[in-house]
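Observations on the three-dimensional arrangement
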Amino acid sequence: MDFLLTSEQDEIVSSVNTFLGTELPHARRRELLAEGAVVDDDLWRKCGSLGWFGLGLGEAVGGVGYGLTEEALLFREIGRHLAPGPYLATVLAARVASGPQQSAILDGSVQVALVAMQRADVGADRVEGSALVYDHRVADLGLIVNPGGAALVELARFSETTPAPSIDPSISVATALAEGLQPVAYVSGADDPIFVRGAVLVAAMASGTAEATRDLSAAHARSRVQFGKPIGVHQAVKHACTDMAVRAEAAAMQTFVAAMTLDNDRLDAAFQASAAKVVATDAALENARAAIQVHGGLGFTWEHDSHLHMKRAHLLDHMLGSRREHLATLIDLPPAQ
Amino acid sequence: MDLDLPPDLVDFRDEVRTWLDEHAPKEPRPRKSQAVREFDAAWQHTQWEGGWAGINWPVEYGGRGLSLLQQMVWYEEYARLGFSGIDCFFVALQHAGPTLIVRGDKAQKSAHLPLILRGDEVWAQGFSEPNAGSDLGSLQTWAEVDGDELVVTGQKVWTSFADIADMQELLVRTNREAPKHKGITWVICDMHSPGIEIRPIATIDGDAHFAEVFYDEVRIPLSNVVGDIDDGWSVAMSTLSFERGTAFTASQVRLNETVEQLITLARERPGPDGRRPAIHDEELARRLATARAEVAALRSMTYAGISRNSRQEMPGPEGSILKLFYAELGQRVYRLAVDLLGPELVCLGVTTGITDWQHDYLGSYAFSIAGGTSEIMKNIIGERVLGLPR
């Protein structure tokens, strides 16, 4: 039993970190935001060629052959760097699609949007109801993920697609309607717990975001001088940063345990995933709130990243099951193993 | 990363479980001090007879010398039976004993270590003073060398189990000229010595676990000094390398059991509307579910901490993150118990199994004070983990 990263896993983290740091520095992310394009298609294909979209898929179908644990490591960095783009639905869709469609998703020539459907009828043959589509501007396909199963659909087949004012400027959102829509592929939750995997990956992004705001705040508290002293000497500021460190640690550890639990085919995988989703999104939101406060006026500016972390955290809180749904799951399930 | 216990540890778990099932006391632990001592001593003696005394002590000193993972398994099983691992032998087994092992001389070791393991010698800690709490280094209890004795005069406070202890690990000032951490001496003090007066302090849960201890020219042989005169601070810190976070496993398992008990109670008892079970109350259900999620995170952090500690020489400041998270979560859980059990807990008291909820709720106020206040933990994390200025 060992809960620390192996040297191979450490290497995954550092290579992803270097890549995102080089390709998506603050200035480049801001450029993309200003253009409203959000996702850079060249960058997307590079991610595909690095194997990011099939990290947890078997090598026989064109994946890399790692597990959810390694995918969670990747997604923590995606969250940390505020990388824009439909990474989540694309990675999950690669498990639903097959043949040429799967290859196109894996190599980065097709992007998949996350589609949230409430009070809807989602099955292998038919999708019916009103939808919320994340990243609708960049994606070709959509993925609906429920505990019961995951359905891959063509975005063009939705009607009444109406852009909505998403709180996160780097994730576009639209409302849409599905009327008797036929999925192009479907995998039931019993065959592959894609909803549980997705919840863990959202938790991983949230944990990355919580670590990023912790680090931004600590750096500011060390360097910002007032009354002749760095503001971090004051306990009101120091303890705010400390609380962020505690929340970030809880989020990261629970997320990795949830990922390992699923990789080990344990019976409490859904329990651990819901716990991770709840703890990590709470950490992301609370840390972002604290980061804005610790940065003072700077924290309230568009230029500073704190608000982007806060806005991203709000969307993560709703993706792959809301807090309320995961809490309901947690109370219904038998206790953890 | 690897979630599974290796096969030899699975066998070890079975061995521990079987032994504990057969030997652990079944009756609840008493509250009053002398009865506590008798109960804890009998249980410690049973563990010694079974070869389970001093699980983290090296074999050459009579301990079991278990690996970190074996210790973790032991504490998990131990806690499942309702033991927190924090009884009147805690200081002897986790602190004084390890200090003697690392820094004591041969005579000191042979005089005390076997007695501790057998359950025949209870130790108390004599560190905190009225003016030296979080700032322990400014302690003032004075000890003067007189021939081959130290003569101690002063006062300690918050000394747990002082009234039933035989020995005390006592920190005294032996040099007022040196910088504050360089003038302290660590000495073994016989609690039955003339000149010691113990005044128990009643705590908010009605028990008197700790005491004020007054020293009026108490004479202690110089041969009881551990390490050198004026070098007591480093002696006190030497046990830190012993504390690897495995004993904390018991606290984490206990809190998990507490949350599970609350969920069971919420299914059985009527909720705020007086009709449906409490679990159907939306607010209570949400808070119970959140507690479950956070206890899961506590467990993940505990195991990660043990993995980390098995790779480094000295445990790092990350342990403070765990302690802080536990203290705040534990208090939220007991506050939830109050809201769930309602006026019954507050006015009548509720006991389920060996759990007295009112008593345990009151005890939870100590979580953020004992063993370093949460404020001090936050300073440690801020300064040593995040690199914030002092």
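These figures come from a predicted structure and were not determined experimentally. (Residues numbered from 1 in each chain as written. Chains lettered and ligands numbered in written order. Predicted model: local features only at pLDDT ≥ 70, side-chain atom pairs only at ≥ 80, totals over all residues.)

Some remarks on the overall build of chain B
- Along the backbone of chain B there are eleven helices and ten strands.
- On C-alpha atoms alone, chain B measures out to a radius of gyration of 22 Å, which is about the 21 Å that the 2.2 N^0.38 rule sets for 390 residues.
- Its C-alpha atoms give chain B principal-axis dimensions of roughly 75 × 50 × 45 Å.
- Among the 390 residues that make up chain B, the fraction classed as buried is 44%.
- At a minimum sequence separation of 6, the contacts of chain B that also span at least 24 residues come to 69%. (Helix = DSSP H or I, 4+ residues; strand = E, 2+ residues; numbered from the N terminus. Rg over C-alpha atoms; globule rule 2.2 N^0.38 Å. Buried ≥ 20, exposed ≤ 12 C-beta atoms within 10 Å, placed from the backbone. Contact = placed C-beta atoms within 7 Å.)

Points about the overall build of chain A
- In terms of regular secondary structure, chain A is built from eleven helices and ten strands.
- What you see for chain A is a C-alpha radius of gyration of 20 Å, in line with the 20 Å of a compact globule of 337 residues.
- Counting the 337 residues in chain A, one finds 56% classified as buried.
- Taking contacts inside chain A between residues at least 6 apart in sequence as the whole, the part at least 24 apart equals 72%.

Some details on the nonpolar core
- If you look at the biggest cluster of nonpolar residues, it comprises 231 residues, and the most contacted ones within it are A:Ala93, A:Leu143, A:Val200 and A:Ala206.
- Discounting residues that sit within four places of it in the chain, A:Val200 has contacts with A:Leu68, A:Ala72, A:Thr255, A:Ala258, A:Ala259, A:Leu262, A:Ala273 and A:Ala276. (Core = buried A, V, L, I, M, F, W, Y, C linked by C-beta atoms within 7 Å.)

Points about unusual backbone geometry
All names here are of chain A.
- With a phi close to 50°, leucine 82 is a non-glycine residue in the positive phi region.
- The residue leucine 82 is located in the loop between α4 (68-80) and α5 (87-93) in this model.
- Owing to 22 C-beta atoms within 10 Å, leucine 82 belongs among the buried residues under this scheme.
- Phi at leucine 320 takes a positive value of approximately 55°, unusual for a residue other than glycine.
- With respect to the element layout, leucine 320 can be found in the loop between α10 (306-318) and α11 (323-332).

Details of helix α8 (residues 282-309) of chain B
- With 28 residues, α8(B) extends 40 Å from end C-alpha to end C-alpha; this agrees with the ideal 40 Å at 1.5 Å per step.
- The buried count for α8(B) comes to 23 of 28 residues, which makes it a mostly enclosed element. (Expected span 1.5 Å × (residues − 1).)

Observations concerning the packing of helix α9 (residues 318-348) of chain B against helix α11 (residues 374-385) of chain B
All names here are of chain B.
- With their axes 9 Å apart at the nearest point, α9 and α11 run at an angle of 145° to one another. For the pair α9 and α11, the crossing hand works out as left-handed. When α9 is examined against α11, the residues Glu318, Ser320, Ile321, Lys323, Leu324 and Ala327 are found in contact with a partner set consisting of Ser374, Met377, Lys378, Ile380, Ile381 and Val385.
- When its residues are assigned to classes, the contact of α9 with α11 shows seven nonpolar, two polar and three charged. (Axes fitted to C-alpha atoms, helices over the stretch in contact; angles between N-to-C directions. Left-handed = near helix turned anticlockwise from the far one by under 90°. Nonpolar A, V, L, I, M, F, W, Y, C, P; charged D, E, K, R; others polar.)

Focus on the interface of chain B and chain A
- Each partner contributes residues to the interface: chain B has 37 residues there, and chain A has 39 residues.
- For the side of chain B that touches chain A, the elements supplying multiple residues, two or more each, are α8, α9 and α11 of chain B.
- Element by element, the count of residues in the side of chain B that touches chain A is highest for α8(B), at 16 residues.
- Here the residues of the side of chain B that touches chain A sort into 21 nonpolar, six polar and ten charged.

With respect to the domain arrangement of chain B
Residue and element names in this part refer to chain B.
- Domain annotation for chain B reports domain 1 (7-87), domain 2 (123-231) and domain 3 (244-385).
- The centre of domain 1, based on its C-alpha atoms, is set 29 Å off from the matching centre of domain 2.
- With five residues of domain 1 at the interface, the matching set in domain 2 holds four residues.
- Counted by class, the side of domain 1 that touches domain 2 contains one nonpolar, two polar and two charged residues. (Domains from an automatic or database assignment.)

Here's the deal with the packing of helix α7 (residues 194-223) of chain A against α10(A)
All names here are of chain A.
- α10 packs onto α7 with a crossing angle of 160° between their chain directions and a minimal axis gap of 10 Å. Relative to α10, the element α7 is oriented roughly antiparallel. Pair α7 / α10 crosses with left-handed handedness. Two secondary-structure elements touch here, α7 through Val202, Met205, Ala206, Thr209, Ala212, Thr213 and Leu216 and α10 through Ser306, His309, Arg312, Ala313 and Leu316.
- Considered class by class, the residues forming the contact of α7 with α10 number seven nonpolar, four polar and one charged. (Parallel < 35°, antiparallel > 145°, perpendicular 65-115°, else oblique.)

Looking at the pairing of strand β6 (residues 159-164) of chain A
Residue and element names in this part refer to chain A.
- With zero of six residues buried, β6 is to be regarded as a mostly surface element.
- As judged from the four bridges shared by β6 and strand β7 (residues 173-181), these two strands associate in the antiparallel manner. Residue pairing in the sheet places alanine 164 in a bridge with valine 173 of β7. (Pairing = 2+ DSSP bridges.)

Some thoughts on the environment of A:Ala248
Residue and element names in this part refer to chain A.
- Relative to the helices and strands, alanine 248 resides in helix α8 (residues 235-263).
- What makes alanine 248 buried here is the crowd of 26 C-beta atoms within 10 Å.
- Along the backbone, alanine 248 and alanine 120 are 128 residues apart, and their C-alpha atoms lie at a distance of 35 Å.
- Beyond its immediate stretch of four places on either side in the chain, alanine 248 contacts Ser207, Ala210, Glu211, Arg214, Ala283 and Asn287.

Observations regarding the environment of A:Gln118
All names here are of chain A.
- With respect to the element layout, glutamine 118 can be found in the loop between β1 (112-117) and β2 (121-122).
- For glutamine 118, a count of 9 C-beta atoms within 10 Å corresponds to the exposed category.
- As a C-alpha pair, glutamine 118 and leucine 132 span 14 residues in sequence and 8.6 Å in three-dimensional space.

Quick notes on the environment of A:Ser14
All names here are of chain A.
- Examined against the element boundaries, serine 14 turns out to sit in helix α1 (residues 7-23).
- Under the C-beta neighbour-count criterion, serine 14 is labelled exposed, with 11 such atoms within 10 Å.
- Spatially, the C-alpha atom of serine 14 lies 9.2 Å from that of glutamate 77, the residues being 63 residues apart in sequence.

Thoughts on the confidence of the model for chain B
- Averaged over every residue, the pLDDT of chain B is 92; the share at 70 or more is 99%.
- Across the whole predicted complex the pTM is 0.94, and at the interface the ipTM reaches 0.95. (pLDDT = per-residue confidence, 0-100.)

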